[in-house]
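For reference, the chains in residue letters:
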Amino acid sequence: MPDAKDADISSCEYGMAVFTEIAAYRLTGEARYLKAARTIADRALADLWSAGAALPRASTQTTHYEAIAYSDTLLLSLLALHEHVAGRKPTVPISALCR
């Protein structure tokens, strides 16, 4: 992944990356894809959430939330990841769309 200090990575881009790894995990069952999804998710949390914030920043180069950044894609991907990590039956569909 690019360095968040050098690149402007949107919340949607993080979400799409997490969804891609979860899709690969669902197709193959290989744990390495789930591990990669978790690594990307951890990075998104570190790069986009400020202490006490209810919503993520729009991107790594902003200080505020913007609906146009499609943060819902990131949030849904985190929910999909949680289902797998918690051992629950997957119910969140994989999406290739920024919502």
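Here we take up the nonpolar core. Tyr14, Val18, Ile22, Leu74 and Leu81 are the most contacted members of the largest nonpolar core, which has 17 residues in total. Mapped by element, the contributors of at least two residues to this core are helix H1 (11–28), helix H2 (31–48) and helix H3 (71–85).

With respect to the secondary-structure elements, histidine 84 resides in helix H3. Within the local environment of histidine 84, its side chain forms a polar contact with the side chain of arginine 26, the two groups lying 3.0 Å apart. Beyond its immediate chain neighbours, meaning those up to four positions away, histidine 84 contacts Ile22, Tyr25, Arg26, Leu34 and Pro90.

The next thing to look at is the confidence of the model for the chain. Scored by pLDDT, the chain comes out at a mean of 91, with 96% of its residues at no less than 70. Mean pLDDT per element in the chain: H3 is the minimum at 94, and H2 is the maximum at 97.

Right, let's get into the packing of H1 against H2. Packing of H1 against H2 brings their axes to within 8 Å, and their N-to-C directions diverge by 165°. As summarised for this structure, H1 and H2 are arranged roughly antiparallel, according to the angle between their axes. Crossing handedness for the pair H1 and H2: left-handed. For the pair formed by H1 and H2, the contact residues are Ser11, Tyr14, Ala17, Val18, Glu21, Ile22, Ala24, Tyr25 and Thr28 on the first element and Ala31, Tyr33, Leu34, Ala36, Ala37, Ile40, Ala41, Arg43, Ala44, Asp47 and Leu48 on the second. Class assignment of the residues belonging to the contact of H1 with H2 gives a composition of 15 nonpolar, two polar and three charged.

A few words now on H1. Look at H1: 26 Å from first C-alpha to last across 18 residues, which is about the 26 Å you get at 1.5 Å a residue. Listed as buried for H1 are Ser11, Cys12, Tyr14, Gly15, Val18, Phe19, Glu21, Ile22 and Ala24. Each element contacted by the buried residues of H1 is listed here: H2 and H3.

This paragraph deals with the pattern of salt bridges. Following the criterion strictly, the structure yields three salt bridges and no others. When the shortest N-O distance is used, the salt bridge between arginine 26 and glutamate 83 registers 3.9 Å. Of this pair, arginine 26 sits in helix H1 while glutamate 83 sits in helix H3; the two residues are 57 residues apart in sequence, bridging distant segments of the chain. On the basis of relative accessibility, which here comes to 31%, the residue arginine 26 falls in the partly exposed class. With its nearest N and O atoms 2.6 Å apart, the salt bridge here joins arginine 32 to glutamate 30. For arginine 32, a relative accessible area of 54% puts it in the exposed group. Look at glutamate 30 and you get partly exposed, because its relative accessible area is 33%.

Conventions adopted
Residues numbered from 1 in each chain as written. Predicted model: local features only at pLDDT ≥ 70, side-chain atom pairs only at ≥ 80, totals over all residues. Heavy atoms only, no water. Core = buried A, V, L, I, M, F, W, Y, C linked by side-chain atoms within 4.5 Å. Buried < 20%, exposed > 50% of the residue type's maximum accessible area, 1.4 Å probe, protein only. Helix = DSSP H or I, 4+ residues; strand = E, 2+ residues; numbered from the N terminus. Polar contact = N/O pair within 3.5 Å; in protein donor to acceptor, adjacent residues only side chain to side chain. Contact = heavy atoms within 4.5 Å. pLDDT = per-residue confidence, 0-100. Axes fitted to C-alpha atoms, helices over the stretch in contact; angles between N-to-C directions. Parallel < 35°, antiparallel > 145°, perpendicular 65-115°, else oblique. Left-handed = near helix turned anticlockwise from the far one by under 90°. Nonpolar A, V, L, I, M, F, W, Y, C, P; charged D, E, K, R; others polar. Expected span 1.5 Å × (residues − 1). Salt bridge = Lys/Arg side-chain N within 4 Å of Asp/Glu carboxyl O.

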